[in-house]
Amino acid sequence: ASLAKTQQGLALCTSAIHKLTCQASVTIGSSKKAAGPPAWWWSGLALSAAVACGSEKFARTPLLLYIGASVAVVASRRLMAPNKRPPTAAETQTLDAIRADLKTPFDEATHGDLLKRLWKAGLDGPFERRSQKWQLLGFQGADPTTDLRACKLLGLKTLVTFLETSPRHAEAILESRRITGDFDPRKPGFYPVACAGIEVTAFLCELCGLRGPNGAPPPAELPPSNRWAALVGTRTSFDECFAAVLRALDRRFDDERGDYMGFASVRDAVFADVREALDRGESTVERSLKLAPGAWGATKPDYAGYLDKLPASSPTVWKSTSELSY
């Protein structure tokens, strides 16, 4: 009877410590870091202590048993983690093409048609090379090329591809980011979509090892990674990742009732979520972010853009993404 009471008391104690540790977390940037040992550590301690108390032979060695359990957990995580590898020959070709566009400045004679396509996909009326209408797409001024410095031709191409291949998603995003009345940076609802898209392109280039953080030089060699399949597994993977990240960013912005001044914090939070998903070896970023299938942006249903506007925890979004095969 006394042994049973001891076991029960120990279980209650470890359970309470476990709960307190899980709750004692602090938000650093966009990720949560535990203020103490992680949850699995306490779970291992509780299990080891229970085994030790239940056996007279090992009653004096709970710590030894716990160390064994911890080693087993860490080893299993390492063994089950996605393998890092260099890019395949086909992925290297895709990376080379992306790198070339990333280094190519906009040239009016060669790339002017891309601006016309972007206008046609996102704006009404006859094309105007310089116009305040470009601000409706989220550029900062009358000449959109001044915002292409960070990603050069690649930034323009990804925007054109998104608007042309996902018109429903693009329309829903652009329509909700129009400035109504006088511009107020503290008023919820606005951020410059085109400029945000260029930041997404730069972020994906960093993940690919083609660009250093904040424009720093890229690494001399592409490191082994478990992200290649999702980022450049096919010729369209990079554009699909771009669409998924921009859609997730827009939804997070709505969830937090973001404003122009708070856009950077929303962006950083989404980028952290994407990094985490890719590091887990996720092959479909949009599914890990609980987004509606990307193909819905080009075809029916007409409410595809609306689905992205629902909170990430919404049962509608969860049902739409979890019951569909990708």
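This structure is a prediction, so every number in the text was calculated from the model and none was measured. (Residues numbered from 1 in each chain as written. Predicted model: local features only at pLDDT ≥ 70, side-chain atom pairs only at ≥ 80, totals over all residues. Heavy atoms only, no water.)

Participant: Mind showing me how you'd approach the overall build of the protein chain here?
Facilitator: Secondary structure summary: the protein chain contains 14 helices and two strands in total. The buried share among the 326 residues of the protein chain stands at 38%. Long-range contacts, defined as pairs at least 24 residues apart, comprise 64% of the intrachain contacts of the protein chain with a sequence gap of at least 6. A total accessible area of about 18200 Å² is found for the protein chain, and carbon and sulfur atoms account for 57% of it. (Helix = DSSP H or I, 4+ residues; strand = E, 2+ residues; numbered from the N terminus. Buried < 20%, exposed > 50% of the residue type's maximum accessible area, 1.4 Å probe, protein only. Contact = heavy atoms within 4.5 Å. Areas by Shrake-Rupley, 256 points an atom, 1.4 Å probe, with all protein chains shown as cover.)

Participant: Is there a simple way to explain the nonpolar core in this structure?
Facilitator: Of all hydrophobic cores here, the largest spans 60 residues; its most connected members are L118, L204 and V274. When contributions to this core are tallied by element, the ones reaching two or more residues are helix 4 (89-103), helix 5 (108-122), helix 6 (152-165), helix 7 (167-176), helix 8 (193-207), helix 9 (228-232), helix 10 (237-255) and helix 11 (263-279). (Core = buried A, V, L, I, M, F, W, Y, C linked by side-chain atoms within 4.5 Å.)

Participant: I would appreciate a short explanation of the environment of P144 in the present structure.
Facilitator: Position of P144 among the secondary structure elements: in the loop between helix 5 and helix 6. Along the backbone, P144 and R130 are 14 residues apart, and their C-alpha atoms lie at a distance of 7.8 Å. Leaving out residues up to four positions away in the same chain, P144 has contacts with L115, R129, W134 and F139.

Participant: How should unusual backbone geometry be read in this particular structure?
Facilitator: With the exception of glycine, most residues fall at negative phi, and the peptide bonds are largely trans. Positive phi, normally seen in glycine, also occurs at K152, with a value near 55°. Mapped onto the secondary structure, K152 falls in helix 6.

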